[in-house]
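Structural characterization, general
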Amino acid sequence: MAIGKEIVFDFPDNNCFGCSPTNERGLQLRFTQVSHSGVATRYTAPAHTCGAPGVVHGGVQAALLDEAIGFAMHAMHASNGELGADEAGWQNVATMEFDLRYRRPVPVGIEVGVRAEVIGAYGKDYYAVAEITGTDDEVLTSATAKWRRV
């Protein structure tokens, strides 16, 4: 996988809430690889994703960040030649721990940034960070996570 390459999981049986381009109720995320183990995208949340009026529901924010980390894991493994870029290769890691910090409201209807990076790997465990950023690049929500090869 190369920096600047868009990562899309568009295989026929993908119905993932986070990344399926055909799941009409999902987030339909696609990311661009921005470093060896980092990805980024832009996302505008529709009004039906709000919790408080005008604010993206916290669970949707968590899903955005968890999905971003999953794509960062895929980018890192593909860059290392450890996984193929096919539908089977990216499914052998799973979230084990997820710590979320809500800093500022994430608005619906306004494009925000979503990015993630794998920052360490120790045995079967991988550590990552992710952020949702506002129009001024201010961090609105951040996460740290531990994933494990299963």
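Structure: see above.
This structure is a prediction, so every number in the text was calculated from the model and none was measured. (Residues numbered from 1 in each chain as written. Predicted model: local features only at pLDDT ≥ 70, side-chain atom pairs only at ≥ 80, totals over all residues. Heavy atoms only, no water.)

1. Points about the nonpolar core
Counting 36 residues, the largest nonpolar core has Val 39, Ile 69 and Ile 132 as its most contacted members. Listing elements by their share of this core, those giving two or more residues are strand 3 (38-43), helix 1 (58-79), strand 5 (112-122), strand 6 (125-133) and strand 7 (139-149). Examining the composition of this core, we find that 10 residues originate from one element, helix 1, more than from any other. In this structure, Ile 132 is in contact with Gln 61, Leu 64, Leu 65, Val 106, Val 112, Gly 113, Val 114, Glu 138, Val 139, Leu 140 and Thr 141, ignoring residues within four places of it in sequence. (Core = buried A, V, L, I, M, F, W, Y, C linked by side-chain atoms within 4.5 Å. Buried < 20%, exposed > 50% of the residue type's maximum accessible area, 1.4 Å probe, protein only. Helix = DSSP H or I, 4+ residues; strand = E, 2+ residues; numbered from the N terminus. Contact = heavy atoms within 4.5 Å.)

2. Some points on the environment of Asp 99
By the secondary structure assignment, Asp 99 is in strand 4 (residues 93-102). Aside from chain neighbours lying at most four places away, what touches Asp 99 is Ser 142, Ala 143 and Thr 144.

3. Quick notes on the packing of aromatic side chains
All chains considered together, the criterion is met by four aromatic pairs. Judged by centre distance (4.7 Å) and plane angle (40°), the rings of Phe 31 and Phe 71 are tilted. A residue pair is termed long-range when its members are at least 10 positions apart, and Phe 31 in strand 2 (residues 31-35) and Phe 71 in helix 1 qualify at 40 residues. Under the relative-accessibility criterion, Phe 31 is labelled buried at 0%. On the accessibility criterion, Phe 71 (1% relative accessible area) is buried. Relative to Tyr 127, the ring of Tyr 122 has its centre 5.7 Å away and its plane inclined at 55°; by these criteria the two rings are tilted. Using a relative accessible area of 30% as the deciding quantity, one classes Tyr 127 as partly exposed. Among the aromatic side chains, those forming a connected cluster through ring pairs are Phe 9, Phe 11, Phe 31 and Phe 71. (Phe/Tyr/Trp six-rings, centres within 6.5 Å; stacked < 30°, edge-to-face > 60°.)

4. A closer look at helix 1
An ideal rise of 1.5 Å per residue puts 32 Å on 22 residues; helix 1 measures up with 32 Å between its terminal C-alpha atoms. In terms of residue burial, helix 1 counts as a mostly covered element, since 17 of its 22 residues are buried. One or two steps after helix 1, the chain reaches Gly 81, where phi turns positive at roughly 75°. (Expected span 1.5 Å × (residues − 1).)

5. Brief notes about a nonpolar patch on the surface
A cluster of nonpolar side chains, contributed by Ile 119, Tyr 122, Tyr 127 and Val 129, occupies part of the molecular surface with about 400 Å² of accessible area. Elements with a contribution of two residues or more to the nonpolar patch: strand 5 and strand 6. With respect to the helices and strands, the residue Tyr 122 is situated in strand 5. (Patch = residues over 30% accessible without salt bridge, like charges linked within 9 Å, V, L, I, M, F, W, Y side chains within 5 Å. Areas by Shrake-Rupley, 256 points an atom, 1.4 Å probe, with all protein chains shown as cover. Salt bridge = Lys/Arg side-chain N within 4 Å of Asp/Glu carboxyl O.)

6. Some words on unusual backbone geometry
Residues other than glycine seldom take positive phi values, yet Gln 28 does so here, at roughly 55°. Considering the arrangement of structural elements, one finds Gln 28 in the loop between strand 1 (6-7) and strand 2.

7. Here we look at the side chain of Thr 133
Residue placement: Thr 133 occurs in strand 6. Contact partners of Thr 133, with chain neighbours within four places excluded, come to Val 112, Gly 113, Arg 115, Glu 138, Val 139 and Leu 140.

8. Section: the side chain of Lys 146
When you line up the elements, Lys 146 lands in strand 7. Setting aside residues no more than four positions away along its own chain, Lys 146 makes contact with Ala 94, Thr 95, Met 96, Glu 97, Asp 125, Tyr 126 and Tyr 127.

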